[in-house]
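Residue-level listing of the chains:
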Amino acid sequence: MAEHGEEKLIEAARHIAKTLGRTDTMANDILRIFSDFDGRFTRERLAINHHPGGSISDEQTTPIAFSSINRQISLFLSSDRSIWSDASDAAAFLDAVDALIASVRGHNSSPAVNRADDLLQQCMLRLEDEFRSMIEHPFDVSPFDPVPPPELDSDGEDDPIPVALPVRDYDFFIDALPPGTLADVHEIAKRMVAAGFGRGCAHAYSLSRRDFLEESFCRLGIRLRTADKVGPVPWTELENDIIRWVKGTNVAFRILFPSEHRLCRRIFSGSSAIADLSFAEACRGPAIQLLRFADAIASAKRSPEKLFRMIDMYEAFREIVPEVDALFSDQYSESLHTEVFTVWKKLGSAIRGIFTEFDNLIRRDPAAATEVVPGGGLHPITRYVMNYLRAACDSWRTLEEVMDEDGFRAAADPRPEQKSSPFAAQIAWIMEVLQGNLKAKATMYREPALSCIFLMNNCRYMMQKVSSSSELLMLLGEDWIRRQAAMERQWAAKYLKSSWGKVTAVLRIDGGDLPTAEVMRERLRMVDVYLEETRRAQMDWVVADERLKKELKVAGAGIILPAYRRFLEVYRGLLEERRHGEKILRHHSPREVEMKINELFEGSRRP
């Protein structure tokens, strides 16, 4: 024990000399003073050359000095307790390691050097254990405030990990280690790197920190399904997973990974390569898990209902681009950097594929007589397509970027006047496909007038949806509205001709000789028949838009009533001398005809 005490005293003297001696001469002067002061401090026992900066010079350590280092280090290595439980022990151990590193560095193989090298490896193993124990994060402490997990996240576990409250502010770092511990692990890392064990230190770091990152993912409620487990899961359930994935990805790339990067830089200060390696190994596994889930979603079967969550995922990737570029651009993270952009681009391709599938869905919608809408009303596919497009246009900037493959990395910022943009062209094409499908469906109606009513109903609804959406109107333009209105007028003209053509033909009064009273009476009877047939047929027809309904009634009355009044004026002259003539005229007043026209399209009021 006395000998051990002397060794510690001698080591303390060396430490003082190294600390106070700014030059080799000053350090030697201090050692000489110690030697003159106490006989135990012989020059041989203190013979370790000082090196500026606190390290040991490359000159060979004397056998007596190595023997002292060996005894001192062996005492620390044989201890069961942590060396860092005592600050003075930690300082003495690091000083001894410095001396040992200096004794091994630059020397050829020899029995003495081999023994020193074996001792150095033992020191590195002990330093690695101490390093690992200090950086392991206590998992009962989280950077996020936990709340009890929902049943969906428990998976039947007996002790489910609590899920964090939503994170809304990404502008902060997580200090995983207190300042004192951070300084200690930095000193350990510095020795391990100096001894050539930097990669081992990086590996020890990454193993511990990876556990912390994965635990944080669990606290965020992220469920990372693999590709083979995505297919059988109902989309409604996957939507919940995607919502959590989006939030978790933002937290991972904007808080967790930047915090980890800063921690690596502090611990491995002075060795950027080892810092990069440590960061890459710690973050790669958790990051790959996030990417594989996104890749599985992008690779799954494409259907229109998946568009909006895929847009969320695509936008999440866009949000993290600055962090990915800043954190994952070194030699060890380059492959991860590439994979992030590969998956992001794959999501863009999946979104384009969804629009292709949406196009096909409209084309495949059957045009069969059994599928016609009663009364020529609004077809469900029209409502579905227009509401879908309107919702999609809420993300028009993102979709502009997705549709423009050449500008994939550029931020989408098209000007409103750019009507020929890729997304605008896609929307215009879908509208054209929808109109073609509706025209095919219109041919299934037996009455030509009802076909026109059907087309007008659906055309008016499409125009209303476009006009009420600033995004859709911007993409399609006012010209599209004008073209639709022109088509609607054409269908209205065909409807009026088909509905009232027979009536106006009977009411026509040509120049020349007037027909006889009997002929006029028969024609009046035919007018009654045609009016009643039209009224009965079209009472159940549907015109959903009140304004369009009024326009059609006014247009019908504008065609029939002037001709009917003219007809009655001529007929009155023929009946002046006939009995019951006035009664007949009163029964066939223009007001009666107008009332019948106003009874049309009452099917639109039925529940």
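Because the structure is a prediction, the values reported are computed rather than measured. (Residues numbered from 1 in each chain as written. Predicted model: local features only at pLDDT ≥ 70, side-chain atom pairs only at ≥ 80, totals over all residues. Heavy atoms only, no water.)

Asker: Please set out the overall build of the chain residue by residue, giving values where relevant.
Answerer: If you tally the helices and strands in the chain, you get 23 helices and 2 strands. Across the 607 residues that make up the chain, the buried fraction comes to 48%. Looking at the chain as shown, the accessible area adds up to about 30200 Å², and 52% of this sits on carbon and sulfur atoms. (Helix = DSSP H or I, 4+ residues; strand = E, 2+ residues; numbered from the N terminus. Buried < 20%, exposed > 50% of the residue type's maximum accessible area, 1.4 Å probe, protein only. Areas by Shrake-Rupley, 256 points an atom, 1.4 Å probe, with all protein chains shown as cover.)

Asker: Would you mind going over the pattern of salt bridges in detail, with residue names and values included?
Answerer: For the coordinates displayed, the defined rule picks out 32 salt bridges. Note that Asp 312 is salt-bridged to Arg 309, the shortest N-O span being 2.9 Å. Taken together, the positions of Asp 312 and Arg 309, both in helix H12 (residues 307–327) and 3 residues apart, correspond to about one turn of that helix. Owing to a relative accessible area of 23%, Arg 309 belongs among the partly exposed residues under this scheme. The residue Glu 551 makes a salt bridge to Arg 547 at a minimum N-O spacing of 3.4 Å. Residue Glu 551 and its partner Arg 547 are both found in helix H21 (residues 546–575); the two are separated by 4 residues, about one turn of the helix. With a relative accessible area of 35%, Glu 551 lands in the partly exposed category. Of the residues examined, Arg 547 reaches a relative accessible area of 62% and is grouped as exposed. (Salt bridge = Lys/Arg side-chain N within 4 Å of Asp/Glu carboxyl O.)

Asker: Which residues make up helix H4 (residues 87–104), and what values do they have?
Answerer: With 18 residues, H4 extends 26 Å from end C-alpha to end C-alpha; this agrees with the ideal 26 Å at 1.5 Å per step. Extensive coverage of H4 is indicated by the burial of 15 of its 18 residues. (Expected span 1.5 Å × (residues − 1).)

Asker: Help me get a handle on the side chain of Gln 484, residues and values and all.
Answerer: Considering the arrangement of structural elements, one finds Gln 484 in helix H19 (residues 478–507). Of the polar contacts made by the side chain of Gln 484, one reaches the side chain of Gln 435; its length is 2.3 Å. Ignoring anything within four residues of it in the chain, the contact list for Gln 484 reads Gln 435, Cys 459 and Met 463. (Polar contact = N/O pair within 3.5 Å; in protein donor to acceptor, adjacent residues only side chain to side chain. Contact = heavy atoms within 4.5 Å.)

Asker: Go over the environment of Val 324, please, and point to the residues and values.
Answerer: Within the fold, Val 324 resides in helix H12. Those residues in contact with Val 324 that sit more than four places away from it in its chain are Phe 253, Ser 329, His 337, Val 340 and Phe 341.

Asker: Requested: an account of the packing of aromatic side chains, with residues and values cited.
Answerer: With the rule as written, the count across this model stands at 19 aromatic pairs. For the pair Phe 253 and Phe 257, a centre-to-centre distance of 5.0 Å together with 85° between the ring planes defines the contact as edge-to-face. With Phe 253 and Phe 257 both in helix H10 (residues 235–267) and 4 residues apart, the pair spans about one turn of that helix. According to the relative accessible area criterion, Phe 257 is buried, its value standing at 0%. Their ring planes at 50° and their centres at 5.8 Å tell us that Phe 341 and Trp 344 sit as a pair that is tilted. Placement of both Phe 341 and Trp 344 in helix H13 (residues 334–364) is noted, with a separation of 3 residues, approximately one turn of the helix. (Phe/Tyr/Trp six-rings, centres within 6.5 Å; stacked < 30°, edge-to-face > 60°.)

Asker: If you had to explain the nonpolar core to someone new, which residues and values would you point to?
Answerer: Of all hydrophobic cores here, the largest spans 170 residues; its most connected members are Phe 93, Phe 131, Phe 257, Ile 267, Phe 317 and Tyr 495. The element that contributes the greatest number of residues to this core is helix H11 (residues 272–299), accounting for 15 residues. Setting aside anything within four residues of it in sequence, one finds Phe 93 in contact with Ile 73, Phe 76, Leu 77, Ile 83, Trp 84, Cys 123 and Leu 127. (Core = buried A, V, L, I, M, F, W, Y, C linked by side-chain atoms within 4.5 Å.)

Asker: Describe empty space enclosed by the protein, listing the residues and the values that go with them.
Answerer: To find leftover empty space, one rolls a probe the size of a water molecule over the atoms. In total, this model carries 7 cavities of 30 Å³ or more according to the counting rule given. Size it by volume and the second largest cavity reaches roughly 80 Å³. Every residue lining the second largest cavity is listed: Gln 435, Leu 438, Lys 439, Leu 455, Asn 458, Cys 459, Met 462, Gln 484, Met 487 and Trp 491. Of all elements in the fold, only helix H16 (422–442), helix H17 (448–467) and H19 reach the threshold of two or more residues within the lining of the second largest cavity. Considering every element that reaches the lining of the second largest cavity, the biggest residue donor is H17, with 4 residues. In terms of residue class, the lining of the second largest cavity is made up of 6 nonpolar, 3 polar and 1 charged. (1 Å grid on protein atoms, 1.4 Å probe; cavity = no way out; pocket = protein on both sides within 12 Å on 5 of 7 lines; lining within 4 Å. Points joined across faces, edges and corners; volume = space filled by probe spheres on them. Nonpolar A, V, L, I, M, F, W, Y, C, P; charged D, E, K, R; others polar.)

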